[in-house]
Amino acid sequence: MTDRNRLRIAVQKSGRLCEGSMELLKAIGVKLSIRDRLLIAHATNLPIDLLRVRDDDIPGLVMDGVVDLGFIGENELEEKMLERQAQGKQFQYKTLERLEFGGCRLSLAVPNEMDYQNVQSLQGKKVATTYPFLLERFFREQNVDANAVMLNGSVEVAPRAGLADAICDLVSTGATLEANGLVEKDVIFRSKAVLIQRGGDMPASKQQLIDKLLTRINGVMQARESKYIMLHAPKDKIEQVKQLLPGAENPTLLPLAGNETSVAVHVVSTETLFWETMEKLKALGCSSILVLPIEKMLG
Ligand code: ATP
Ligand code: MG
């Protein structure tokens with residue numbers, strides 16, 4: 001059973017978005033007791049319930065207001081939005097955050113032997129896809145009259161099976177395409193995982209919790225991009241050192257025992273430090289240059 005006062009979050013039960021979503025929830029301090037078979041998992045330290053479902057169901061659950069938040073790929077979200085638009089159903093939602101996982105592209109791919117100049121070459125052809133609405137929108141924009149053939153699985157074997165002339169499918173490395181004698185030609189949509197919120201009123205207590213989770217998510221994302229840098233620098237080179245360190249306006253300077261000419265510099269940098277920069281620091285006379293990962297950040 002679930003309690004309507006608890007925040008409901010939909011996540012993919014298993015698949016490519018599962019690990020990223022669960023890792024992020026863990027990183028922002030949501031403690032879960034997950035039993036593998038169960039649809040619902042309760043957080044033990046916050047009023048949050050997880051609904052573990054197939055990713056196809058997540059946009060609809062959010063748009064129907066059945067759950068408050070959902071982790072979903074933009075490809076699936078946009079497809080469902082276009083489908084609902086075409087059916088005259090409601091498709092309200094709010095994107096809270098674009099996340100750093102689930103990256104992929106929806107691409108047109110054709111058999112190696114096909115003479116493909118540009119998307120016009122698909123005029124009058126059949127294209128197999130799991131995303132007919134996104135594909136048809138692309139064809140409309142490109143003024144191409146081609147047919148999208150809906151397939152829920154095995155899209156990549158459709159041309160060989162004689163079901164279609166080409167395909168439009170999700171790609172990350174391209175290995176699956178290659179194994180099936182297909183070549184990627186045009187990217188029609190670039191996707192990442194996003195966190196979305198349902199439309200409609202949100203009780204104040206839930207909204208406060210959502211805001212708190214979002215602040216923490218931002219903290220985690222910012223921390224992943226940032227580094228803690230420590231080094232010893234000659235006192236008379238501090239200005240040049242600051243110039244070399246990205247996003248390091250106010251470094252901490254600490255005295256070094258028994259060394260009058262150098263100081264220790266500690267700084268949080270908003271970017272990774274490249275080898276080239278480290279070599280330049282060394283050339284300035286810096287030593288003991290350390291770059292450390294940051295786990296969490298706030299403020
Ligand atoms: P479910 O059983 O939940 O319906 P699924 O088989 O539909 O799972 P997955 O293959 O787990 O879905 O992919 C889920 C999402 O992960 C995709 O919709 C997409 O947003 C993202 N993704 C990232 N990389 C890839 C990839 N290489 N191929 C497919 N999807 C990817
Ligand atoms: Mg799915």
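Residues numbered from 1 in each chain as written. Chains lettered and ligands numbered in written order. Predicted model: local features only at pLDDT ≥ 70, side-chain atom pairs only at ≥ 80, totals over all residues. Heavy atoms only, no water.

### Re the environment of Phe189
Phase 1 of the analysis: Following the sequence through the fold, Phe189 ends up in strand 11 (residues 182-191).
Phase 2 of the analysis: C-alpha of Phe189 to C-alpha of Leu135: the two residues are 54 residues apart in sequence and 9.2 Å apart in space.
Phase 3 of the analysis: Residues contacting Phe189, with those up to four places away along its chain left out, are Glu74, Asn75, Glu78, Cys104, Arg105, Leu106, Leu134 and Arg137. (Helix = DSSP H or I, 4+ residues; strand = E, 2+ residues; numbered from the N terminus. Contact = heavy atoms within 4.5 Å.)

### Overview of the confidence of the model for the chain
Phase 1 of the analysis: Model confidence for the chain is summarised by a mean pLDDT of 94, while 99% of its residues fall at 70 or above.
Phase 2 of the analysis: For this predicted complex, the interface confidence comes out at an ipTM of 0.97, alongside a pTM of 0.89. (pLDDT = per-residue confidence, 0-100.)

### As for the pairing of strand 13 (residues 227-234)
Phase 1 of the analysis: Strand direction decides the pairing type here: strand 13 and strand 15 (residues 259-269), joined by eight bridges, are antiparallel. Pairing of His232 across the sheet is with Ala264, part of strand 15.
Phase 2 of the analysis: Relative to strand 16 (residues 287-293), strand 13 runs antiparallel, the two being bridged by five bridges. Directly across from Tyr228, in strand 16, lies its bridge partner Leu292. (Pairing = 2+ DSSP bridges.)

### Regarding the side chain of Asp55
Phase 1 of the analysis: Summarising the element assignment, Asp55 is placed in the loop between strand 4 (48-53) and helix 2 (58-63).
Phase 2 of the analysis: Despite its burial, Asp55 pairs with no opposite charge, the nearest such side chain being Arg54 at 5.2 Å.
Phase 3 of the analysis: What Asp55 contacts, discounting residues up to four positions off in sequence, is Gln12, Ile72 and Glu76. (Buried < 20%, exposed > 50% of the residue type's maximum accessible area, 1.4 Å probe, protein only. Lys, Arg positive; Asp, Glu negative; His and termini not counted. Salt bridge = Lys/Arg side-chain N within 4 Å of Asp/Glu carboxyl O.)

### Points about the coordination of the magnesium ion (ligand 2)
Phase 1 of the analysis: Within the protein, the magnesium ion (ligand 2) binds to Asp55 (OD) and Asp56 (OD); these donor distances fall in the range 2.1 Å.
Phase 2 of the analysis: Asp56 sits in the partly exposed class, given a relative accessible area of 24%. (Donors = N, O, S within 2.8 Å, 3.2 Å for Na, K, Ca; no water.)

### A word on the UniProt feature "domain: ATP phosphoribosyltransferase catalytic" (unreviewed entry) in the chain
Phase 1 of the analysis: The positions UniProt marks with the feature "domain: ATP phosphoribosyltransferase catalytic" (unreviewed entry) are residues 54-218.
Phase 2 of the analysis: Across residues 54-218, the secondary structure splits into 30% helix and 30% strand, with the terminal C-alpha atoms separated by 26 Å. (UniProt positions renumbered as here; feature names shortened; annotations may be inferred.)

### What about the site of ligand 1?
Phase 1 of the analysis: Neighbouring residues of ligand 1: 17 residues in total, closest Arg16, Arg54, Asp56, Asn75 and Ser172.
Phase 2 of the analysis: At a separation of 2.6 Å, an oxygen atom of ligand 1 approaches a polar side-chain atom of Asn75.
Phase 3 of the analysis: Calculation on ligand 1 without its partners gives an accessible area of 620 Å², and the protein chains cover 79% of this total.
Phase 4 of the analysis: Its residues assigned to classes, the shell around ligand 1 shows four nonpolar, eight polar and five charged. (Near = heavy atom within 4 Å. Polar contact = N/O pair within 3.5 Å; in protein donor to acceptor, adjacent residues only side chain to side chain. Areas by Shrake-Rupley, 256 points an atom, 1.4 Å probe, with all protein chains shown as cover. Nonpolar A, V, L, I, M, F, W, Y, C, P; charged D, E, K, R; others polar.)

### Description of the pattern of salt bridges
Phase 1 of the analysis: Scanning all chains against the criterion turns up 11 salt bridges.
Phase 2 of the analysis: The closest approach of N and O atoms between Lys206 and Asp68, which form a salt bridge, is 2.9 Å. Of this pair, Lys206 sits in helix 6 (residues 204-225) while Asp68 sits in the loop between helix 2 and strand 5 (69-73), and the two are 138 residues apart along the sequence.
Phase 3 of the analysis: By relative accessible area, Lys206 is classed as buried at 6%.
Phase 4 of the analysis: Looking at Asp68, the relative accessible area reads 2%, which means it is buried.
Phase 5 of the analysis: With a closest N to O distance of 3.6 Å, Lys192 and Glu100 form a salt bridge. In this pair, Lys192 sits in the loop between strand 11 and strand 12 (193-198) while Glu100 sits in the loop between strand 6 (93-98) and strand 7 (104-111), placing the two residues 92 residues apart along the sequence.
Phase 6 of the analysis: We classify Lys192 as partly exposed; its relative accessible area is 25%.
Phase 7 of the analysis: Through salt bridges with shared partners, one network takes in Asp68, Arg198 and Lys206.

### What to know about helix 6
Phase 1 of the analysis: Between its first and last C-alpha, helix 6 extends 32 Å over 22 residues, near the 32 Å set by a 1.5 Å rise per residue.
Phase 2 of the analysis: Within the span of helix 6, buried status applies to Lys206, Leu209, Ile210, Leu213, Leu214, Ile217, Gly219, Val220, Met221 and Ala223.
Phase 3 of the analysis: Its buried side turned inward, helix 6 meets strand 1 (7-12), helix 1 (18-27), strand 4, strand 5, strand 6 and strand 12. (Expected span 1.5 Å × (residues − 1).)

### Quick word on the side chain of Asp49
Phase 1 of the analysis: Structurally, the position occupied by Asp49 is in strand 4.
Phase 2 of the analysis: A polar side-chain atom of Asp49 sits 2.9 Å from a polar atom in the side chain of Arg6.

### Describing the sheet that holds strand 9 (residues 147-150)
Phase 1 of the analysis: Reading across the sheet, the five strands line up as 9-8-10-7-11 and stay open at both edges, with mixed pairing between neighbours. At either end of the open sheet lies a strand with only one pairing partner, and these are strand 9 and strand 11. Here the average twist between neighbouring strands, direction ignored, is 30 degrees.
Phase 2 of the analysis: The sheet contact formed by strand 8 (residues 126-129) and strand 9 spans four bridges and is parallel. Bridge pairing links Lys126 to Asn147 in strand 9.
Phase 3 of the analysis: With respect to the sheet, helix 3 (residues 74-87) is in contact with strand 10 (166-171) and strand 11, its orientation differing from that of strand 11 by roughly 75 degrees.
Phase 4 of the analysis: The sheet contacts of helix 4 (residues 132-141) involve strand 7, strand 8, strand 9, strand 10 and strand 11, and relative to strand 11 the element is tilted by about 100 degrees. (Axes fitted to C-alpha atoms, helices over the stretch in contact; angles between N-to-C directions.)

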